[in-house]
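Topology and contacts: notes
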Protein chains: 2
Amino acid sequence: MNMCLDCIPCFVRQAADAVRMSVSSEEEQSRLMHSVLAWLGGMDLDQTPPAASQMIHRRLRALLPEGDPYRAAKDRHNSLAASLMPSIRRRIAASFDPLVMAVRYAITGNIIDLGAKNSVGIGEIYAELQSTPMQPVFGDLEDLKKASLKARNILYLADNAGEIFFDRLLIEQLAGARVTLAVRGKPVINDATRFDAHAAGFEDIAEIIDNGSDAPGTILDDCSEDFRRRFDEAELIIAKGQGNYESLSSATRDIFFLFRTKCPVISRHSGFSVGTFVASNLSSGQSLAQPGEVQ
Amino acid sequence: MNMCLDCIPCFVRQAADAVRMSVSSEEEQSRLMHSVLAWLGGMDLDQTPPAASQMIHRRLRALLPEGDPYRAAKDRHNSLAASLMPSIRRRIAASFDPLVMAVRYAITGNIIDLGAKNSVGIGEIYAELQSTPMQPVFGDLEDLKKASLKARNILYLADNAGEIFFDRLLIEQLAGARVTLAVRGKPVINDATRFDAHAAGFEDIAEIIDNGSDAPGTILDDCSEDFRRRFDEAELIIAKGQGNYESLSSATRDIFFLFRTKCPVISRHSGFSVGTFVASNLSSGQSLAQPGEVQ
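Thresholds applied
In this numbering scheme, every chain counts its residues from 1 along its sequence in written order. The lettering of chains begins at A and the numbering of ligands begins at 1, in the order of writing. Under the rules for a predicted model, residues below a pLDDT of 70 receive no local features and side-chain atom pairs below 80 are neither given nor counted, while totals for whole chains, interfaces and linings still include all residues. When DSSP finds two or more bridges between two strands, those strands count as paired. For helices the rule is a DSSP run of H or I covering at least 4 residues; for strands it is a run of E covering at least 2, with both sets numbered from the N terminus onward. Here an axis means a line fitted to C-alpha atoms, over the contact stretch when the element is a helix, while the angle between two N-to-C directions is reported on a 0 to 180 degree scale. Remark: residues whose backbone-derived C-beta atoms lie within 7 Å of one another are considered to be in contact. In a helix, the anticipated span is given by 1.5 Å times the number of residues less one. To sort residues by exposure, count the other C-beta atoms lying within 10 Å of each residue's C-beta; 20 or more gives buried, 12 or fewer gives exposed, and values between give partly exposed, all with C-beta atoms placed from the backbone. The arc refers to the directions leading from the helix axis to the C-beta atoms. The quantity known as pLDDT measures the predictor's confidence residue by residue, on a range of 0 to 100. The start and end points of each domain follow an automatic or database-based domain assignment. In this count, Pro and Cys sit with the nonpolar residues alongside Ala, Val, Leu, Ile, Met, Phe, Trp and Tyr, while Asp, Glu, Lys and Arg are called charged and the others, Gly among them, polar. One nonpolar core equals one set of buried Ala, Val, Leu, Ile, Met, Phe, Trp, Tyr and Cys residues connected by C-beta atoms within 7 Å.

Describing the sheet that holds strand β2 (residues 153–157) of chain A
Residue and element names in this part refer to chain A.
- In spatial order, the strands read β1-β7-β6-β5-β2-β3-β4; together these seven strands make up an open sheet with mixed pairing. Taken across any chain shown, the strands that pair with only one partner, and hence form the sheet edges, are β1 (137–139) and β4 (207–210). Along the sheet, successive strands turn relative to each other by an average axial angle of 20°, direction set aside.
- Inspection of the sheet shows β2 paired to strand β3 (residues 178–183) by five bridges, in the parallel sense. Bridging across to β3, Leu 157 finds its partner in Ala 182.
- Along the sheet face, helix α7 (residues 141–150) touches β1, β5 (236–240), β6 (256–260) and β7 (277–281) and points at about 60° away from the line of β7.

Spelled out as structure tokens, the structure:
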């Protein structure tokens, strides 16, 4: 899906966040923002949001002091998520349908997204977790369940740090299959990298690969050859989060997208209102204008 | 108060809103946004948010087709507010303290602000109105009440269209005084102009003046001489909304500010958390770090 006018303020906010986290002098912050804004004035709007965001964050990395401005936030989110795991794992195990419940928690984890807004409060996460067990999941949940139980080889495209712990709980429910977890090739926003996959202990339950790209999504042409081969060979692909949906919604193979609709742009494109829990198998060009509630 | 990094995404969003409401071709929208972004790259950040916003909207007026892009939204908000007035007026009249209740409703009306976000839903307004009677008002409400009952000559600085109908209900409670309602001198965002003051029938209960300026706030140096004289002569000034607070928080005379804190920037500057109902007499330099709840 292509970006639109409403994506631009969000990119500018991401840039302001990255600048503030990297530089403390207000004068320098202001100089950097001027540079980013002037550069944005020449940006091509005819691309997907993750492609645009990739360009912006490359530009920011060239301007900002070396280092990952989001590392501290990612560590905080990983720690918080780690502390929540034991009780959520018990809740999933005690539920009527652990796989479906794990899908709900995995989608709940998708609120930990510094691309969509500039902070995620602990209070907000706790409140969301309270309502998770009752959340309806829209799309093709039954199909995902069937496909998950049948597939011997699943490629799971991760989204953000912190959130990746919630993904782990879902992947624990897919124990019948060989699961490969793919993370971003380089740090961008708070997207998960190999570092975060190891923080969540994925080496015990899945193979960890990276996609070779620094986009906050999965832009196949920008991914490594090895990743694209794994993408083609996977029996089932589960793609987590808005960035993966934005970059893969026109892909020519079946993909199950799991995400929370977090902005009006995604809502208009997917047909689901903001805040919806989505688990949907979107073939290219398939319309979601009238989605049915499955569970 | 000066703007900060977090104001920039909000300005970009305002620009995207204005462009979308004025031009339908996506290609032309994209061209205009490029131009606005490139221009923003050279903007002086050392100014108040309303001063920066004034410059941006002047630039937009120079780029966009003639006309007021926000007029249709302002008409919708006026119509909605007009339809709500009879029942709210009855609720105020039946309350224990009609003046204080009218202050609460006037502050509730402050959510109708297209500067702070790009739409205000009817559902949101109804939900807010349900909780209005129970809302605590932070700041100096008792002082405002005393000053309102004593003053013979009050200058009321209006904020937005739609919201101005809620202001009318408060001004009806100040019947002992001669009230002058000041609106913006020219259209900017959804701020109220003379057109909206007449739509709310203010000519029956107050003198209507405009401040001669096209800023979404009250930048005294930019206002007409006549307005500044009225500002100096007024016994009591009530300034509505964030824009008036942002532009007058360093003024050298007492002003009662009535607003809803709608963004983290205002929250940090005023000391009130986001969503608070504020009625406060802020002398220049006075700290609000530990505000007390009054009513």
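Still more ground to cover, so stick around.
What about helix α2 (residues 26–40) of chain A?
- For α2(A), with 15 residues, the first-to-last C-alpha span of 21 Å sits near the 21 Å given by 1.5 Å per residue.
- Of the residues making up α2(A), those classed as buried are Leu32(A), Met33(A), Val36(A), Leu37(A) and Leu40(A). What you see down the axis of α2(A) is that its buried residues fit within an arc of 135°, all on one side.
- Where α2(A) is buried, its residues meet α1 (7–22) and α3 (49–63) of chain A together with α1 (7–22) and α2 (26–40) of chain B.

Thoughts on the confidence of the model for chain A
All names here are of chain A.
- Averaged over all residues, the pLDDT of chain A equals 91, while 96% of them reach at least 70.
- Of the regions scoring below 50 in pLDDT, residues 287–295 engages in 23 contacts with residues more than four places distant in sequence or in other chains.
- Confidence estimates for the predicted assembly give a pTM of 0.87 and an ipTM of 0.83.

As for the domain arrangement of chain A
Residues and elements named next belong to chain A.
- By the assigned domains, chain A splits into domain 1 (7–63) and domain 2 (71–281).
- Of note, the centres of domain 1 and domain 2, computed from C-alpha atoms alone, are 26 Å apart.
- Counting from both sides, the interface comprises 12 residues of domain 1 and, opposite them, 14 residues of domain 2.
- Only α1 and α3 provide two or more residues apiece to the side of domain 1 that touches domain 2.
- Looking at the side of domain 1 that touches domain 2, the element that brings in the most residues is α3, giving seven residues.
- Across the side of domain 1 that touches domain 2, the residue classes tally to four nonpolar, five polar and three charged.

What to know about the interface of chain B and chain A
- With 19 residues of chain B in contact, the opposing surface of chain A contributes 19 residues.
- Among the secondary structure elements, those contributing two or more residues to the side of chain B that touches chain A are α1 and α2 of chain B.
- Partitioned by chemical class, the residues of the side of chain B that touches chain A number 11 nonpolar, five polar and three charged.

Topic: the nonpolar core
- Core analysis: the biggest nonpolar cluster contains 168 residues, and Ala15(A), Ile237(A), Leu258(A), Ala15(B), Tyr156(B) and Ile237(B) have the highest contact counts within it.
- Two domains share this core, each providing at least three of its residues, namely domain 1 (7–63) and domain 2 (71–281) of chain A.
- Sequence-distant contacts of Tyr156(B), that is, excluding residues within four places in its chain, are made with Asp167(B), Ile171(B), Val179(B), Thr180(B), Leu181(B), Ala182(B) and Ile238(B).

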